[in-house]
Amino acid sequence: MKTMKNILLIAITVLSTSVFAQKLGHINSNDLLLSMPERNSVEQKIKTYAQELENQLGTMSKEYQAKVQDYQAKEATMTDAIKQDKIKEITNLETRITEFQQTAQKDLQGKEESLLKPIIDKAKKAIEDVAKENNFTYIFDSGVGVLLYQKDSDDIMPLVKKKLGLLN
């Protein structure tokens, strides 16, 4: 029985020592990404691409409105065959606009992901490097709201910014 108590005491001591020996850190990844200068260039590229898509959609919408107005203005004098042809033309344009909107949204999202990926990867690597260099056991991302208590945690933002060359 005494041996069992000693083994239990040793196990508790070893486990508590290993838990307390862990070094915890936190960083707000959103703030880090916003402080990276490459982010501005990417945002500008995304805005430009979005504007191009919006301009194309605007052109299609104007064409649609013009066809609808033309149809309404001339409907009374059109034969049934011409009416059917114009309605089909307007309906096809509506379909094209809807398809373009869906495709444009997917394209914009894909463009954003492809442009942001290198920045995110760079930040992630810097965080991992800092964690390894400074013997952190865990780094929590306070930017996503999962960190409820951080008193015993170190904010590694200055170290990561230094690693990325973002500090003066």
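All values derive from a computational prediction rather than experimental measurement.

The rules we used
- Residues numbered from 1 in each chain as written.
- Predicted model: local features only at pLDDT ≥ 70, side-chain atom pairs only at ≥ 80, totals over all residues.
- Heavy atoms only, no water.
- Core = buried A, V, L, I, M, F, W, Y, C linked by side-chain atoms within 4.5 Å.
- Buried < 20%, exposed > 50% of the residue type's maximum accessible area, 1.4 Å probe, protein only.
- Helix = DSSP H or I, 4+ residues; strand = E, 2+ residues; numbered from the N terminus.
- Contact = heavy atoms within 4.5 Å.
- Phe/Tyr/Trp six-rings, centres within 6.5 Å; stacked < 30°, edge-to-face > 60°.
- Lys NZ or Arg CZ within 6 Å of the ring centre and 35° of its normal.
- Salt bridge = Lys/Arg side-chain N within 4 Å of Asp/Glu carboxyl O.
- Expected span 1.5 Å × (residues − 1).
- Bend = angle between axes of the 7 residues up to and from the residue.
- Pairing = 2+ DSSP bridges.
- Axes fitted to C-alpha atoms, helices over the stretch in contact; angles between N-to-C directions.
- Parallel < 35°, antiparallel > 145°, perpendicular 65-115°, else oblique.
- Nonpolar A, V, L, I, M, F, W, Y, C, P; charged D, E, K, R; others polar.

Caption draft 1: Structural detail: the nonpolar core. Counting residues in hydrophobic clusters, the biggest one holds 22 residues, and the most contacted among them are Ile27, Leu32, Met36, Ile156 and Val160. Every element with two or more residues in this core is listed here: helix H2 (29-35), helix H3 (38-74), helix H4 (80-133) and helix H5 (157-163). No other element matches the 10 residues that H4 contributes to this core. Apart from residues no more than four positions distant in its own chain, Ile156 is found in contact with His26, Ile27, Ile127, Val130, Phe136 and Ile139.

Caption draft 2: Region of interest: the packing of aromatic side chains. Applying the stated criterion across every chain, the model contains one aromatic pair. Its guanidinium or amino end placed over the ring of Phe136, Lys23 lies 4.6 Å from that ring's centre, counting from NZ or CZ. A cation over an aromatic ring shows up here: Lys111 above the ring of Tyr49, its NZ or CZ 5.1 Å from the ring centre.

Caption draft 3: Broad picture of the pattern of salt bridges. A complete count under the given rule lists seven salt bridges for this structure. Between Asp70 and Lys74 there is a salt bridge whose closest N-O contact spans 3.0 Å. Placement of both Asp70 and Lys74 in helix H3 is noted, with a separation of four residues, approximately one turn of the helix. On the basis of relative accessibility, which here comes to 28%, the residue Asp70 falls in the partly exposed class. For Lys74, a relative accessible area of 44% gives the class partly exposed. Salt-bridge contacts for Glu133 lead to Lys163; the nearest nitrogen and oxygen are separated by 2.7 Å. Here Glu133, found in helix H4, pairs with Lys163, found in helix H5; they are 30 residues apart in sequence, far enough to count as distant.

Caption draft 4: Structural view of H4. Over its 54 residues, H4 runs 79 Å from end to end, which matches the ideal 80 Å to within 8%, given 1.5 Å per residue. The axis of H4 is deflected most strongly, by about 35°, at Leu116, and proline Pro118 appears within four residues downstream. Directly after H4, the chain includes Asn135, whose backbone phi takes a positive value near 55°.

Caption draft 5: Structural context of the sheet that holds strand E1 (residues 24-27). One open sheet holds the three strands; their spatial order is E2-E1-E3, and the pairing between them is parallel. Every other strand in the sheet has two partners, leaving strand E2 (138-141) and strand E3 (154-155) as the edge strands with one partner each. Bridge analysis of E1 against E3 gives two bridges, and the strand direction is parallel. Bridging across to E3, His26 finds its partner in Asp155.

Caption draft 6: Examining the packing of H3 against H4 more closely. It is at 10 Å that the axes of H3 and H4 come closest, and there the two elements cross at 175°. Comparing their axes, H4 and H3 come out roughly antiparallel. Residue composition of the contact of H3 with H4, by class: 20 nonpolar, three polar and 15 charged.

Caption draft 7: The environment of Asp155, seen in detail. Turning to its location among the elements, Asp155 is positioned in strand E3. Along the primary structure Asp155 and Asn28 are separated by 127 residues, whereas in three dimensions their C-alpha atoms are 8.5 Å apart. For Asp155, the contacting residues outside a window of four places in its chain are His26 and Ile27.

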